[in-house]
Amino acid sequence: MMEMDAATFEQLVVDELDRLPDEMVDGLENLIFVVEDRPEDGSLDLLGMYDGLALTERGQYGMGELPDRIILFRESHLAECDDEEELREEVHTTLVHEIAHFFGIDDTQLHEMGWA
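Per chain, residues are indexed from 1 in the order of the written sequence. Per-residue local features of the predicted model are confined to residues with pLDDT of at least 70, and side-chain atom pairs are confined, for both listing and counting, to 80 or more; whole-chain, interface and lining totals are unaffected and use all residues. Excluding hydrogens and water, the side-chain figures rest on all heavy atoms present in the structure.

Novice: Could you clarify how one ought to interpret the overall build of the protein in this entry?
Specialist: The numbering of helices and of strands both runs from the N terminus, where a helix is a DSSP run of H or I of at least 4 residues and a strand a run of E of at least 2. Scanning the protein from N- to C-terminus turns up five helices and three strands. Helices and strands appear in the protein in the N-to-C order α-α-β-β-β-α-α-α. Each principal axis of the C-alpha distribution contributes one length, and for the protein these read about 45 × 30 × 30 Å. Counting every position in the protein, which comprises 116 residues, the buried fraction comes to 36%. Contacts were defined at the residue level, with two residues in contact if any of their heavy atoms lie within 4.5 Å. The long-range fraction of contacts in the protein, counting pairs at least 24 apart against all pairs at least 6 apart in sequence, stands at 73%. Accessibility throughout is a Shrake-Rupley quantity obtained with a 1.4 Å probe, and a residue counts as covered only by protein chains that appear here. On the protein, roughly 7,000 Å² of surface is accessible, and the fraction owed to carbon and sulfur atoms is 46%. Computed over 6 positive and 32 negative side-chain charges, the inter-centroid distance for the protein is 4 Å. Each residue is placed in one exposure class: buried if its accessible area under a 1.4 Å probe, protein chains only, is under 20% of its type's maximum, exposed if it is over 50%, and partly exposed if it falls in between. Only four residue types enter the tally: Lys and Arg on the positive side, Asp and Glu on the negative side, with His and both chain ends excluded. The location of each charge is read from NZ of Lys, CZ of Arg, CG of Asp or CD of Glu.

Novice: Looking at this model, I keep getting lost on helix H1 (residues 6-19). Mind explaining?
Specialist: Counting along an α-helix, one turn takes 3.6 residues, and residues three or four places apart therefore face a common direction. Its 14 residues place the ends of H1 20 Å apart at the C-alpha level, agreeing with the 20 Å of an ideal helix rising 1.5 Å per residue. Along H1, the positions that sit buried rather than exposed are Phe 9, Leu 12, Val 13, Glu 16 and Leu 17. Take H1 and look down its axis: the buried residues cluster within an arc of 140°, on one side only. Turned more than 90 degrees away from the buried face of H1 sit Ala 7 and Asp 18, all of them exposed. Packed against the buried residues of H1 are strand E1 (31-36), strand E3 (68-73), helix H3 (74-80) and helix H4 (84-102). In this scheme, a helix's expected span is set at 1.5 Å multiplied by one less than its residue total. The arc in question is traced by the directions running from the helix axis to the C-beta atoms.

Novice: How do you make sense of the environment of Gly 59 when you look at a structure like this?
Specialist: Relative to the helices and strands, Gly 59 is located in the loop between strand E2 (48-51) and E3. Here the alpha-carbon distance between Gly 59 and Val 14, two residues 45 residues apart in the chain, equals 30 Å.

Novice: What is the right way to look at the nonpolar core in this model?
Specialist: Most often, soluble globular proteins keep nonpolar side chains buried together rather than apart. Here the nonpolar core consists of buried residues drawn from Ala, Val, Leu, Ile, Met, Phe, Trp, Tyr and Cys, with membership extended through side-chain atoms lying within 4.5 Å. Counting residues in hydrophobic clusters, the biggest one holds 20 residues, and the most contacted among them are Met 4, Val 13, Leu 87, Val 91 and Leu 95. When contributions to this core are tallied by element, the ones reaching two or more residues are H1, E3 and H4. The element that contributes the greatest number of residues to this core is H4, accounting for six residues. Ignoring sequence-local partners within four residues, the contact set of Leu 87 consists of Met 2, Met 4, Phe 9, Leu 12, His 77, Leu 78 and Cys 81.

Novice: So what exactly am I meant to see when it comes to H4 here?
Specialist: Over its 19 residues, H4 extends 27 Å from the first C-alpha to the last, a length consistent with the 27 Å expected when each residue adds 1.5 Å. Residues of H4 that are buried: Leu 87, Val 91, His 92, Thr 94, Leu 95, Val 96, His 97, Glu 98, Ile 99, Ala 100, His 101 and Phe 102. Sitting at the amino-terminal end of H4 is Asp 83, which places a side-chain oxygen 3.2 Å from the backbone nitrogen of Glu 85. In the stretch just after H4, Gly 104 is the one whose phi turns positive, near 90°. Within 3.5 Å is the distance limit for a polar contact, defined as a pair of N or O atoms, with the added protein rule that one can donate a hydrogen and the other accept it, and that residues adjacent in sequence qualify only through two side-chain atoms.

Novice: Explanation requested: the packing of aromatic side chains in the structure shown.
Specialist: When we look at a pair of aromatic rings, we describe it by the centre distance and by the angle of the planes. When two rings of Phe, Tyr or Trp (its six-membered ring) have centres within 6.5 Å they constitute a pair, described as stacked for plane angles under 30 degrees, edge-to-face for angles over 60, and tilted for the intermediate range. Counted under the stated rule, the structure contains two aromatic pairs. Residues Tyr 50 and Phe 102 carry aromatic rings whose centres are separated by 6.0 Å and whose planes lie at 90° to one another, so their mutual orientation is edge-to-face. Placement of Tyr 50 in strand E2 and of Phe 102 in helix H4 is noted, with a sequence separation of 52 residues between them. An identical accessibility class is assigned to Tyr 50 and Phe 102; each is buried. A ring pair is formed by Phe 102 and Phe 103, whose centres lie 5.2 Å apart and whose planes are at 80°; its orientation type is edge-to-face. Among the aromatic residues, those joined into a ring-pair cluster are Tyr 50, Phe 102 and Phe 103.

Have a look at this one:
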């Protein structure tokens, strides 16, 4: 398992967010990105999670709503990767995957597009 402290991993996530194309991030509203060590069940199986209501499922949505969250799990990523280059690629892929869920793209569509 790779080792990287939380602050360094969070900066890597910010760097990878900055590398995403503008057309992918321009529509992200009322959304926060969070880094946690592990999923609630303590497993290392889940790399990321979208916690919210996809744009395609929203009706009356607006003022006063808590932000949706995209959560990346640091220890899961570190367990999956052998070096920083591989880690950056995996974080990038996880961000794209979870942002797609925000836009209403499900896992089947992501598999077809090669992002799942």
